[in-house]
Amino acid sequence: MTAPLTPPHQPHQSSPNSPNPGPWQSPPTGHAPAYATDAEETPDLRTELRDAAVVLVAVTIAGVALGLLWLWLAPRVPLISNDKAVFLKDTEGEEAVGADGTFALLALGFGAVSAAAVFWFRRRGGIALVVALALGGLLGSLLAWGIGTWFGPTDDVVAHARAVGEGVTFDAPLELKAYGTLLAWPVAAMVVHLAVTALFGPRDPEPEWPPTPSGPPPGA
């Protein structure tokens, strides 16, 4: 008599401790995909808040440069007076609109430069860093507005007209009529920072799968 053969439709069972496990053996449990991590590249909360504070202060202080540039480049609105009132010398002039446009263009440039500098300072970014960049841009715009109006022509138009005399042209106060331009810096900074982070920022590491008993992991 001969021993019964294993039916062809039933897989060959092998022991889990066998050196040559069968192809139907279940993979070992308790193993999850391993992800490559770098503790040195992941800053803790304290470091992230410290960097955000540095960015907030630095971007806000940059508003001094914006204010001085606005004071230097913004067109002046000429005024003239007689013995009764003060008038615009050129009623069809666009100097007032030009002052707002100059501030907006300068603020957009400062936003782009500050975003690139912050990305160079810390490439990994972070929510706290982005919030500090946007808030610093807004505070810097407010500071620039204050510097331009403070160091520009006096806002006491009547006293200025009396000081220069009748029929003499003098400059009107430097004003910002479109308050929405104060958002040009923070908006430009956030857009540029998002763009450079998406293009040149670090990528998440690929998962490292453990080798399987039947061979290397898929895609190796």
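Preceding this section is the structure that the text describes.
The text that follows walks through the structure, step by step, so that each part is easy to find. (Residues numbered from 1 in each chain as written. Predicted model: local features only at pLDDT ≥ 70, side-chain atom pairs only at ≥ 80, totals over all residues. Heavy atoms only, no water.)

Turning our eyes to something else, we now look at helix α1 (residues 45-61). Taking 1.5 Å as the rise per residue, α1 with 17 residues should run 24 Å; its terminal C-alpha atoms sit 24 Å apart, in good agreement. By the burial criterion, the buried members of α1 are E48, D51, A52, V55, V59 and T60. Buried residues of α1, seen end-on, are gathered within an arc of 160° and therefore sit on one face of the element. Exposed and facing more than 90 degrees away from the buried side of α1 are R46, R50 and I61. Tucked inside the fold, the buried residues of α1 contact α2 (63-73), α3 (95-121), α4 (127-151) and α6 (184-200). (Helix = DSSP H or I, 4+ residues; strand = E, 2+ residues; numbered from the N terminus. Expected span 1.5 Å × (residues − 1). Buried < 20%, exposed > 50% of the residue type's maximum accessible area, 1.4 Å probe, protein only. Arc of directions from axis to C-beta. Contact = heavy atoms within 4.5 Å.)

Turning our eyes to something else, we now look at the pattern of salt bridges. The full count for this structure, using the stated rule, is 2 salt bridges. Between R50 and D51 there is a salt bridge, with the nearest N and O atoms lying 3.6 Å from each other. Assessed through its relative accessible area of 52%, R50 is described here as exposed. A relative accessible area of 8% places D51 in the buried class. (Salt bridge = Lys/Arg side-chain N within 4 Å of Asp/Glu carboxyl O.)

It is worth spelling out the nonpolar core at this point. By size, the foremost hydrophobic cluster in this structure holds 25 residues, and its most contacted members are V55, L66, W70, F103, L133, L174 and W185. Per-element accounting of this core gives the leading share, 7 residues, to α3. If we ignore the near neighbours within four places in the chain, the residues touching W70 are A99, T102, F103, L106, A144, W145, G148, T149, L174, E175 and L176. With 5 residues, the next largest nonpolar core counts V77, A161, F170 and A172 among its residues. (Core = buried A, V, L, I, M, F, W, Y, C linked by side-chain atoms within 4.5 Å.)

Glancing now at a nonpolar patch on the surface. On the surface, V57, I61, V64, L68 and L143 cluster together into a nonpolar patch covering about 400 Å² of accessible area. Contributing elements (two or more residues each) for the nonpolar patch: α1 and α2. Following the sequence through the fold, L143 ends up in helix α4. (Patch = residues over 30% accessible without salt bridge, like charges linked within 9 Å, V, L, I, M, F, W, Y side chains within 5 Å. Areas by Shrake-Rupley, 256 points an atom, 1.4 Å probe, with all protein chains shown as cover.)

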